[in-house]
Amino acid sequence: QKEVEQNSGPLSVPEGAIASLNCTYSDRVSQSFFWYRQYSGKSPELIMSIYSNGDKEDGRFTAQLNKASQYVSLLIRDSQPSDSATYLCAVNGGGSQGNLIFGKGTKLSVKP
Amino acid sequence: DVKVTQSSRYLVKRTGEKVFLECVQDMDHENMFWYRQDPGLGLRLIYFSYDVKMKEKGDIPEGYSVSREKKERFSLILESASTNQTSMYLCASGSLGGNNEQFFGPGTRLTVL
């Protein structure tokens, strides 16, 4: 059974701090990794994708991938109250049909 | 921008009713997916389709069926709704192969009384 594990939180950080969200996955052949943000009552929104080892930066967001450790993380710099949401990690499930395996999400709360 | 739309944001139905949830995407994506999301259980895949008239069971297909007659449209059908099908239903689309990104519609919150 392929799995994606995330700490459910809640993770609480003060405004302006760095929020660090972590995810581990079980399938060694996974090649595509995604972070989705989901506000309460809304649908998931794709915010970052990463495919190779190392860091990928997009504005205040940095995704980090370590395939050897089967670990992917999301850093949010200068956290804002508007970043308060649940963050879902997703990993491709192998095969060629584009299925993703989702973690259950980490709830982030940014306190003013 | 990818646009995925769903026919209803909120829906209330009675036990035993037949329910149709429709999803339309405008990006010519081959893949389309139906998930349900429940507190504590995360996203669970019900069915997916990678081509017109093709369908594959996901993790929880029982009690559901799907239809894909056109590339842009993917319908989820609850033949006889039950209270345990009260949930948030999310449709997503993505291109076949490539980078496996999926884009979600706004979701339908279905309540079965």
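Okay, so let's go over this structure. Here the structure is a predicted model, which is why all the values come from computation and not from measurement.

### Some points on the packing of aromatic side chains
Given two aromatic rings, their pairing is described by the distance between the two centres and the angle made by the two planes. For the structure on display, the rule yields 10 aromatic pairs over all chains. Consider the rings of Phe34(A) and Tyr51(A), whose centres lie 6.0 Å apart with planes at 80 degrees: the pair is edge-to-face. Of this pair, Phe34(A) sits in strand E4 (residues 33-38) while Tyr51(A) is found in the loop between strand E5 (45-50) and strand E6 (54-58), placing the two residues 17 residues apart along the sequence. Centre to centre, the rings of Phe102(A) and Tyr35(B) are 5.6 Å apart; their planes meet at 85 degrees, and the pair counts as edge-to-face. Here Phe102(A) is found in strand E10 (residues 100-102), whereas its partner Tyr35(B) is found in strand E4 (residues 31-38) on a different chain. Linked through ring pairs, Tyr36(A), Phe102(A), Phe33(B), Tyr35(B), Phe48(B) and Phe104(B) together constitute an aromatic cluster.

### A short note on the pairing of E4(A)
All names here are of chain A. Within E4, 6 of the 6 residues are buried, which leaves the element mostly enclosed by the surrounding structure. Residues Phe33, Trp35 and Arg37 point to one face of E4 and Phe34, Tyr36 and Gln38 to the other, with burial holding for every one of them. The turn linking E4 back onto E5 is made up of 6 residues, and Gly41 within it adopts a positive phi angle of 80 degrees. Direction of pairing for E4 relative to strand E9 (residues 85-92): antiparallel, over a ladder of 6 bridges. Its bridge partner lying in E9, Tyr36 is registered against Leu88.

### A closer look at the layout of surface pockets
Taken as a whole, the largest pocket holds about 650 Å³ of empty space. Around the largest pocket, the lining is made up of 25 residues, and of these Gln1(A), Lys2(A), Ile101(A), Phe102(A) and Asp59(B) lie nearest the centre. Among the secondary structure elements, those contributing two or more residues to the lining of the largest pocket are strand E1 (4-6) and E10 of chain A together with strand E5 (42-49) of chain B. The element that contributes the greatest number of residues to the lining of the largest pocket is E5(B), accounting for 5 residues. In this structure, the second largest pocket encloses a volume near 540 Å³. Looking at the lining of the second largest pocket residue by residue, the class counts come to 7 nonpolar, 11 polar and 5 charged.

### Details of the state of the cysteines
Cysteine pairs can be covalently joined through their sulfur atoms, and such a bond is termed a disulfide. Inspection of every chain in the model, using the stated rule, returns 2 disulfides over all chains. Here Cys23(A) is linked by a disulfide to Cys89(A), with a sulfur-sulfur distance of 2.1 Å. The sign of the -75 degrees torsion about the S-S bond sets the Cys23(A)-Cys89(A) disulfide as left-handed. Of this pair, Cys23(A) sits in strand E3 (residues 19-25) while Cys89(A) sits in strand E9, and the two are 66 residues apart along the sequence. In this structure, Cys23(A) and Cys89(A) share a single accessibility class: buried. What pairs with Cys23(B) in a disulfide is Cys91(B), and their sulfur atoms sit 1.9 Å apart. Judged by the sign of its S-S torsion, about -75 degrees, the bond between Cys23(B) and Cys91(B) is left-handed. Placement of the pair is Cys23(B) in strand E3 (residues 19-25) and Cys91(B) in strand E9 (residues 87-94), with a sequence separation of 68 residues. Summarising the burial analysis for this pair, Cys23(B) and Cys91(B) share the class buried.

What counts and how
- Residues numbered from 1 in each chain as written.
- Chains lettered and ligands numbered in written order.
- Predicted model: local features only at pLDDT ≥ 70, side-chain atom pairs only at ≥ 80, totals over all residues.
- Heavy atoms only, no water.
- Phe/Tyr/Trp six-rings, centres within 6.5 Å; stacked < 30°, edge-to-face > 60°.
- Helix = DSSP H or I, 4+ residues; strand = E, 2+ residues; numbered from the N terminus.
- Buried < 20%, exposed > 50% of the residue type's maximum accessible area, 1.4 Å probe, protein only.
- Pairing = 2+ DSSP bridges.
- 1 Å grid on protein atoms, 1.4 Å probe; cavity = no way out; pocket = protein on both sides within 12 Å on 5 of 7 lines; lining within 4 Å.
- Points joined across faces, edges and corners; volume = space filled by probe spheres on them.
- Nonpolar A, V, L, I, M, F, W, Y, C, P; charged D, E, K, R; others polar.
- Disulfide = S-S within 2.5 Å.

By themselves these figures say nothing about function.
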